[in-house]
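Results of the structural survey
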Amino acid sequence: MMAAPLQRRDRNATAARVKADLNRTDSSSGVRQLQELLGTVLNPERPATDPEALDWCKCLLAGGEGFEEFCRTVRSYDNATLCGLVWTANFVAYRCRTCGISPCMSLCAECFNNGDHTGHDFNMFRSQAGGACDCGDSNVMRGSGFCRRHRLRTGENIPSIPRDLLLMSEMVLPRFILWILQYLREGYVEPDTSNERDLQKVLQQLEPQISFMEELTKMGGAMRTVLTKILTNQQAFKDLSMGQEENLYAQKNYDKYLSALKNSGLVSAEEKAQRATADVTAGAEGGAGALVLLGSTVPGSPGEPKEENQDAGQSVGQRKRVKLSSNTKDPSIIESLKHKCFLEELLFWTIKYEFPQKMVTFLLNMLPDQDYKITFTKTFVQHYAFIMKTLMKSHESDTMSNRIVHISVQLFSNEELARRVTEECQLLDIMVTVLLYMMESCLIKSELQDDENGRHVVVNCSEALLKNNTYWPLVSDFINILSHQSVAKRFLEDHSLLMLWMSFVSFFQGMNLNKRELNEHVEFESQTYYAAFAAELEACAQPMWGLLTHCKVKETQEYTKTVVRYCLETLQIWFDAIGFIDEPAPNQVTFHLPLHRYYAMFLSKAVKCQGLDLDSLLPDQEMLMKIMVHPLQIQACLSEIHSNMWVRNGLQIKGQAMTYVQSHFCNSMIDPDIYLLQVCASRLDPDYFISSVFERFKVVDLLTMASQHQNAVLDSEQERPMLEGALTFLVVLTSLRVHLGMTDDEILRAEMVSQLCMNDRTHSALLDLIPENPNPKSGIVPGSCSFEEMLSAVADFKAPVFEPGGSMQQGMYTPKAEVWEKEFDPIMVVLRTVYRRDVQSAMDRYSAFLKQSGIHTGNPWPPYKERTLLQPCYKGLIKLLHCKTLHIVIFTLLYKIWMDHQNMSEHVLCMVLYLIELGLDNQVQENSDDEEPCIEEHCHDSWFPGTNLLSNLHHIINFVRVRVPETAPEVKREAPPSTSAEASSYGQNLREAQVFSLVAERRRKFQEIINRSNTEAAQVVRPKSSSTRWVPPGTPPQLVTEILEIRESMLSILIKLHQKLSSKQNSLPVSWLENMDASLHAHGDGVAAIERILTKAAMRSCQIKRSIQDICGKVCPPVPPKKNSPSDKKTTDKEERRQRARERQQKLLAEFASRQKSFMETAMDVESPDADASMDLGASEVMESEVLYDCVICGQSGPSTEDRPTGLVVLLQASSVLGHRCKGKEAKDLPTSDEEHIYAADTCGVAHDIRLSLMQRFFKDSSCLQSVSIGWDGGVYVQTCGHTLHIDCHKSYMESLRNDQVLQGFSVDKGEFTCPLCRQFANSVLPCRPGRGSEAGAWHAHTNKKICVLVKEVEDLQEKVGLFPTESNLSKEMEFVIKDIKNTTQKKYMDYGKNPGSPDNDFLFMYSVARTNLELELVHRGGNLCSGGASAAAKRSCLNQLFHVLAMHMRLYSIDSAYNPWTKLTRVAQSGDAAGFDEERPEVPMLFRDVPSLLTIFVLTMPQPLRKEHFTCVVKTLYNLQFIQALAALSSKFSPEERQAWSTTGARMKNAANAANGFEALLSRVIGELSEDESVYSVNSERGSTPIASVWSPQSIEFSLQQFCLPFLRLACLLQHHLYGDDLAGCPEEEEFSSLAVCLGLLAAAPQPSSMVQSAACLQWAASGFDLVAQWCSEVAGLSQIQAAQSLTLLVQDPQWACPRLLQLPGNYNIIFQYYHRKTCAACKKVPKDPALCLVCGAFVCLKGLCCKQQGTCECVLHSQHCGAATGIFLLINASVIIIIRGHRFCLWGSVYLDAHGEEDRDLRRGKPLFLCEERYRVLEQQWLSHTFDHINKRWGPHYNGL
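None of these values were measured; they are calculated from a predicted model.

Points about the overall build of the protein
From N to C terminus, the protein includes 75 helices and 30 strands. Looking at the 1843 residues of the protein, the share that counts as buried comes to 57%. Across the protein, the fraction of contacts at a sequence separation of at least 24, relative to all contacts at a separation of at least 6, is 79%. By element, 52% of the accessible surface of the protein is carried by carbon and sulfur atoms, the whole surface being about 77100 Å².

With respect to the sheet that holds strand β19 (residues 1275-1286)
One open sheet holds the 3 strands; their spatial order is β19-β18-β22, and the pairing between them is antiparallel. Each of the sheet's edge strands pairs with one partner strand only, and the pair in question is β19 and β22 (1324-1327). Between one strand axis and the next, the sheet turns through 40 degrees on average, direction left out of account. Sheet topology note: the strand β18 (residues 1206-1215)/β19 ladder contains 9 bridges and is antiparallel. Considered in β19, the bridge of Leu 1212 is made with Val 1278. The sheet strands contacting helix α55 (residues 1287-1299) are β18, β19 and β22, and the helix crosses β19 at an angle near 100 degrees.

Looking at a negative patch on the surface
A surface patch of like charges, here negative, comprises Asp 1229, Asp 1234, Glu 1235 and Glu 1236. Inspection of the secondary structure assignment puts Glu 1235 in the loop between β18 and α53 (1244-1258).

Quick word on the packing of helix α25 (residues 495-506) against helix α28 (residues 594-609)
As a packed pair, α25 and α28 sit with axes 8 Å apart at the nearest point and diverge in direction by 130 degrees. Regarding the angle of α25 to α28, the classification is oblique. On α28, the residues that touch Trp 501, Met 502, Val 505 and Ser 506 of α25 are Pro 594, Leu 595 and Tyr 598. The class makeup of the residues in the contact of α25 with α28 is 6 nonpolar, 1 polar and no charged.

Some words on the packing of aromatic side chains
Tallying each qualifying case throughout the model produces 57 aromatic pairs. Taking the centre distance of 6.2 Å and the plane angle of 35 degrees together, the rings of Tyr 1519 and Phe 1523 count as tilted. One end of the pair, Tyr 1519, and the other, Phe 1523, are both in helix α64 (residues 1508-1531), 4 residues apart, so they sit about a helical turn from each other. On the accessibility criterion, Tyr 1519 (0% relative accessible area) is buried. Owing to a relative accessible area of 0%, Phe 1523 belongs among the buried residues under this scheme. Arranged with centres 6.2 Å apart and planes meeting at 40 degrees, the rings of Trp 1661 and Trp 1672 form a pair that is tilted. Taken together, the positions of Trp 1661 in the loop between α69 (1632-1639) and α70 (1665-1677) and Trp 1672 in helix α70 put the pair 11 residues apart, joining distant regions of the chain. Pair check on accessibility: Trp 1661 and Trp 1672 agree, each one buried. Here a set of aromatic residues connected by ring pairs shows up, and it is made of Tyr 188, Tyr 254, Tyr 257, Phe 348, Trp 349, Tyr 353 and Phe 386.

Notes on unusual backbone geometry
Glycine aside, a negative phi is what most residues show, and trans is what most peptide bonds show. In the Ramachandran plot, His 1827 falls in the positive-phi region, its phi being about 55 degrees despite a non-glycine side chain. Inspection of the secondary structure assignment puts His 1827 in the loop between α74 (1814-1825) and α75 (1829-1832). Its identity as a non-glycine residue notwithstanding, Asn 1841 has a phi of 60 degrees, on the positive side. With relative accessibility at 29%, the residue Asn 1841 sits in the partly exposed group.

Describing helix α42 (residues 906-921)
At 3.6 residues per turn, the α-helix brings residues three or four places apart onto the same side. In this model, α42 (16 residues) spans 22 Å end to end at C-alpha, consistent with the 22 Å of a helix rising 1.5 Å per residue. Here α42 lies mainly inside the structure; 13 of its 16 residues are buried.

Digging into the pairing of strand β2 (residues 92-96)
Within β2, 4 of the 5 residues are buried, which leaves it mostly tucked inside the rest of the structure. As paired strands, β2 and strand β4 (residues 122-126) are joined by 5 bridges and run antiparallel to one another. Residue pairing for β4: Ala 93 is matched across the bridge by Phe 125.

Considering the environment of Ser 394
Its place among the elements puts Ser 394 in the loop between α18 (384-393) and α19 (397-412). The class of Ser 394 is buried, set by a relative accessible area of 11%. A sequence separation of 76 residues divides Ser 394 from Thr 470, and the C-alpha atoms of the two residues are 9.7 Å apart. With sequence-adjacent residues up to four places away left out, Ser 394 is seen in contact with Glu 354 and Met 400. Within the local environment of Ser 394, its side chain forms a polar contact with the backbone nitrogen of Glu 396, the two atoms lying 2.9 Å apart.

Notes on the sheet that holds β2
What the 3 strands build is an open sheet, ordered β3-β2-β4; its pairing is antiparallel. Both edges of this open sheet fall to β3 (107-108) and β4, since each of them pairs with a single strand only.

Considerations on the side chain of Asp 838
Relative to the assigned elements, Asp 838 resides in helix α40 (residues 837-852). Within the buried set, Asp 838 has no salt-bridge partner at all; the shortest N-O distance to an opposite charge, 4.4 Å, is to Arg 837.

Describing the packing of helix α24 (residues 485-493) against α25
Here α24 crosses α25 at 85 degrees, and the two axes come no closer than 5 Å. Between α24 and α25, the crossing angle belongs to the class labelled roughly perpendicular. Mapping the contact onto sequence places Phe 491, Leu 492 and Glu 493 in α24 and His 495, Leu 497, Leu 498 and Trp 501 in α25. By residue class, the composition of the contact of α24 with α25 is 5 nonpolar, 1 polar and 1 charged.

Re the pattern of salt bridges
A complete count under the given rule lists 63 salt bridges for this structure. Two residues, Arg 597 and Glu 536, come together in a salt bridge whose shortest N-O distance is 2.8 Å. Taken together, the residues span a long stretch of sequence, with Arg 597 in helix α28 and Glu 536 in helix α26 (residues 529-548) at a distance of 61 residues. Among the ionic contacts, a cluster of salt bridges with common partners joins Glu 866, Glu 917, Asp 921, Arg 1092, Lys 1096 and Arg 1100.

Regarding helix α8 (residues 167-187)
Here α8 spans 31 Å end to end across 21 residues, near enough to the 30 Å set by a 1.5 Å rise per residue. The largest bend in α8 is about 30 degrees, located at Leu 173, with the proline Pro 174 one to four residues further on. Among the 21 residues that make up α8, 18 are buried, leaving the element largely enclosed by the rest of the structure.

Topic: the side chain of Thr 470
Structurally, the position occupied by Thr 470 is in the loop between α22 (464-467) and α23 (472-482). Apart from residues lying up to four places away in sequence, Thr 470 is in contact with Leu 391, Ser 397, Ser 401, Met 438, Ala 464 and Leu 465.

So, the environment of Gly 725
Structurally, Gly 725 is set in helix α34 (residues 716-735). Among the residues examined, Gly 725 registers a relative accessible area of 15% and is labelled buried. Along the chain, Gly 725 and Gln 635 lie 90 residues apart, while their C-alpha atoms are 8.8 Å from each other.

Quick notes on the confidence of the model for the protein
Per-residue confidence for the protein gives a mean pLDDT of 80; residues scoring 70 or more make up 80%. Contacts from residues 1472-1478, a stretch scored under 50 in pLDDT, to residues over four places away or in other chains number 1 contact.

Regarding the state of the cysteines
Note on terminology: a disulfide is the covalent bond linking the sulfur atoms of two cysteines. Evaluated as defined, the whole model comprises 0 disulfides. Free of any disulfide, Cys 1627 has its nearest cysteine sulfur in Cys 1426, 4.5 Å distant.

Conventions adopted
Residues numbered from 1 in each chain as written. Predicted model: local features only at pLDDT ≥ 70, side-chain atom pairs only at ≥ 80, totals over all residues. Heavy atoms only, no water. Helix = DSSP H or I, 4+ residues; strand = E, 2+ residues; numbered from the N terminus. Buried < 20%, exposed > 50% of the residue type's maximum accessible area, 1.4 Å probe, protein only. Contact = heavy atoms within 4.5 Å. Areas by Shrake-Rupley, 256 points an atom, 1.4 Å probe, with all protein chains shown as cover. Pairing = 2+ DSSP bridges. Axes fitted to C-alpha atoms, helices over the stretch in contact; angles between N-to-C directions. Patch = residues over 30% accessible without salt bridge, like charges linked within 9 Å, V, L, I, M, F, W, Y side chains within 5 Å. Salt bridge = Lys/Arg side-chain N within 4 Å of Asp/Glu carboxyl O. Lys, Arg positive; Asp, Glu negative; His and termini not counted. Charge placed at Lys NZ, Arg CZ, Asp CG, Glu CD. Parallel < 35°, antiparallel > 145°, perpendicular 65-115°, else oblique. Nonpolar A, V, L, I, M, F, W, Y, C, P; charged D, E, K, R; others polar. Phe/Tyr/Trp six-rings, centres within 6.5 Å; stacked < 30°, edge-to-face > 60°. Expected span 1.5 Å × (residues − 1). Polar contact = N/O pair within 3.5 Å; in protein donor to acceptor, adjacent residues only side chain to side chain. Bend = angle between axes of the 7 residues up to and from the residue. pLDDT = per-residue confidence, 0-100. Disulfide = S-S within 2.5 Å.

Structure follows, in structure tokens:
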């Protein structure tokens, strides 16, 4: 065999030789060689993991060249005009609705950014199932949206491909594909025997091969053409697929494949034989080609034979046999598949292996090739049934569904392709059949109506198929193809298909039946209802909307007629199947009536758009009566559910009632139901309809004039809500016009107004709440122009604001004033509310508006709104308002309300009046007399003469006969007639009296309409009249008939009700009607409503006007009629009672307000940081007595003592805010490209670290540690809410917290708690020292002592040895606090000394805490003290207490007098003194020391309390040092020439009287001294060789000196304010220096602009100034061993830092997102799943990334510790939100990026462009600076180091 030696030789050479052979004219030997070579290389018996085969293939394809080179060459011939980039789940893509033709259109980021979509309606989205880029495909999107690359490349300028380039590919690839197929065949095991893992293993081994195929598809059009040829070549498949005869392996392999194919059809092989017989019978019924689908309820076992000889009727439920007659020409849906080419087998295995991602991507990558696309689509359709079978068996149906849709959406969104496949492959037949087959696997018997004999079957909602939505890929494909007009038309023309579809829909009719539990609460609340609603919406409603979009014009009338006809037929079949006659079964409800809804929606479309005549589409009266029953039952049940009659069914029944009206479902559910009822009402007899409604709502027994009645079906507490429900339903029914004549724009407006009236809404919430035709192609999509136009017409935009509590509001829309006034429609609101409280909310907002605009101050009633006109064909609906039954009901209810019967309510009256007003506004045309006179005759003619409301209003009713219980008051009233005359009149009354029984009336009507001859129907109609009910023994008393004397008309009762409501005797004077204007009463309460009705009635009829005047005349005379007295007395009583109640309420409120006020005065409110009240506890007033503290736990007030100390509630937190300060005031920009960077070197924290380590290199450690402060990074900040408590009370409080199990957000073990009074977060208690508040009297007195005397006194004070405090509770607590403070920050932020833990180190840490707190307070005040006053920070400041605790601790360290810096500050050393210290390292020179640090050290180490004179002395002395440091630093900036000049100028002034108080002389001295050591300035001259442009003038020098000294003065001033309670006077910025100097006693004069003040004037020298300066400078000059550069660095310290800032973010979020969401993490080099950005320093980190975990801590937490001392602010790139990490807790802060409507887009779900909201960002920055994250954000949780 020749291949063996070939293989050993160099592969490339072999490949090149084979290629050369093939290029000869006689290529047969080459072909033979290649075949043999491939035979050995691609041997399926070798393990797939062997990489050699793949390497060979690459070599062969490239024909001996390098494979990479080959790829490049092939790519250069790419002629593709489509992008076709395929992506998988979670990829970020774009969708532009302006450019899309298909709603599924999507673009990759690159094509989107390269196209022009400005001003378009686009959004970014995260792909759920995967997708492909449509750029360049004009079938799916408009050409204007193509990107630059796909707009220009037409493919013409590409050279044609040289033949030999792809020659090898054509030869090698068929074998390669076969080789993959053979592995797939070999590895496959039926799922019954295998587990998922086996299949996964096979796929893993094939990973490299499939990836290689995927790589080939990416080489561009040329390679794809070759692949298409191979994949679709039938001959090659035939030759290769079976393998050669002699190859046993190939044979076995092929057999495996055949057996796998066997069960791929809907009918398994064993059933074929049985099918043959079944076919014959079916053929006889349904014509040729009928098919029988055999479904099995056990989807897992398609192979078992079925016993077909059972009777079909019995097998329902277990196994159902449905004969479906269909003209399917293509039996391939049913039969097993047969494959003709590689592509088909490849798809087959893709399905078998449940759509592995790589295979899917390979198949989709090929789609840009047109030939391939067509073949592949046909193949996909051919395998459709098989896909469904595999999907139903799959365990991972979710993933698989996504992958299926990933493929199908690419194929079916293209109309041309969909049409072609529909015509050539029966796509529609296949889809409907497959869907039917799928649903048949989970049918059960319907229990609706008739349990025993019902034949109807419904889907079982608890089956996995429905619960897990397994059907959605198929349904979504179906909806997708129906969106194409050409396909939908075919569907509507094919009657047999429509019939099939209707039978599919009827599987959902009546599913998920609820039976009302009457005794026990249901044990198990099933949650299947959601599956049912989803199924109806997706499987029935959405295809319906899809079809409706194509029935919009007259030309499509026929389609609508056909659908309506089939709907009615199917409904009739359904009524028969459930055995329905006329009464619904009691206590049952199903919310699912898709057949009714199909019928309703097609009717509505037919009338609205196609101009069809309604009557031609309606069935006979009997059918209409049946059709209305179930929708009406749903309306009544909604009312029952809200009246708590279904409570025993659990919460889920409420869930169903809510879902039914919820915005995504309402226009596919409740709207069609109400429309259908409106149609029925307009065509049926109105009396029949009205009585049906009251009977369904179970309130018939309530509608009696009697004051008592018995109700057999309702408890008395349910009667009122049910009556309200029935009346509200009638109002909705008669006033809703959504399908009866409103235009789309009017509907949109009404929906929008009703949503906005309930609550202010965000833009996205509105989009979501407004029902949209679920089909995306339906013309007006929310988001289109008219939505925005309409929104701006009805609403005002409220920009996003902050509430004081820090909770952030979104941008909201709120209704305009005129909308409240004219358009607020409570009926629409009632219809659209999911929660009943929303109706109340709308009414509250309405009444608030009326109050505010001064229209009405009381409690208004829902306003009445005029309706749009009805379309003529619905005019019959008005008859409802003009029928006697309704008028009797209205009269009865008005009477009952007037008589104060039980269970009446204001709402009932309101609805009754609404119905009267609707009747007045909608008059019936009088020409309808001739309609059905026969029925009119024996209507309750004794009540009212006619049906017109106007004439019935003033008709007086004298007597009414009622049935009442024997105990009712009416019974006792009538005495038997005593005289004959009375008796005769009594008898006459009896004849005249009206009887009213709704049910009997309705029965009679029903009988008349149906008029059947057959007797069985008559038996079914059981008249159960409410008056003659059988009463079981032991029930309430018997009913007796009584006669009531009424003598009222509706009008008279209305007028009396007016009196009753307005509680005035003659509320309507006779002259009232003269100035009639109905519009005056548009808003108001019941009084206004009645006046409006009377006005309207009087305007429409003179007779009524007269009657009203008569009645007013009768009612109004001052002598009240007897009848009214009881109720009148009631009203006066009521008034008095109300008055008293009001007074009580006022009193209570006043008391409550005063309490609240006193609480607010004691409590400090965290939320408003700008309140002026100074509540600085230590230093509020000068009091001689001891300070008293209130304990917020025990409530006692008293001083803090040694034994029982009181403490402040404080929060200790480490902070690095100061360390992040920079020199520049501008915030740094966040980098958004690879070129930009942020450098941390210029921050305050870094600068101080460098300074300290420099000092430690050259100077004595202990001295270094007193020359600087630490705590810039990780310093401890102490803040308080200002409340105090006894420390022992606090301990017991902590104990109780520890035992309390329900703890959220904080950890008691770490000492955390919330302040018992104001609930502010805290973690320690700072003891208050006993004694007076501020230092009083003597301590404050101004002193006249000379500075030298004071200097001496200070020195003596420092000499005093610190006394160890006596051991007491107080001192113990102080030690505890010190420990807490040390534990607050990390070790690395405390140990700066050479030997950690040394006293020096501790000392440094302690005084730095004080320094940190002072500096931070400065930051909170905006970096200066210009604002003066006790600002917010002071209000919560506890510096006074903190100082005492620290001082107490630091007195334990005494400073060795030899090293005491004080002496160096105040005495000129004798030359002999210095000799004493010649240790190994010198001390830090005074000019290098940090002056504020020295101040803190002095104050803390001297005995407390410190006299103010001494404090001032310390400040003055230190100011001298600070000033000289300023001069030294300044001098180093001069050029040598300038130095020379200033030196001589100053020298001249030296002998002037106060030379030491002017900077010139001192400057010259400094320059002179420092110049002695050449090295100090020499560095500068080298560096500054370029001449410095600016020349220093005396003014600029003065300004620099003041700026240099300001930071020190600010800190000293703050310190003085806290220690002595001095006020900080505010001042303009330019006067700050002088005002502070005066405040500190450095200057005597009043403050003046700093430009006038000489900073040197503040100097007061204790010893000779010049000598001290000389001494300090010589210390520096004498440092020979420090390199000059370092010496200069230490000398030029610049104490000024700008306020810390967060990074400056770009205005558009997309800039951040595009750069960072694909950026790789620096640590793990991968693209993080959840990338995050630190907003303080710009670091890019992985949130929750396991890759970057260190010692169990994730990267964000680590970074927060490193960058912010455990406070981190991170922007989550993929969610646009900010999270805050604080210690061991974290919280979601919200977003600083909002869309155009001022809304956040968390998780970028909507994907709209987002813009930076500057205000929010400022608030975030403010919270960071003021350390108030813990207080303002309420929702904290532990992060367990996992972020």
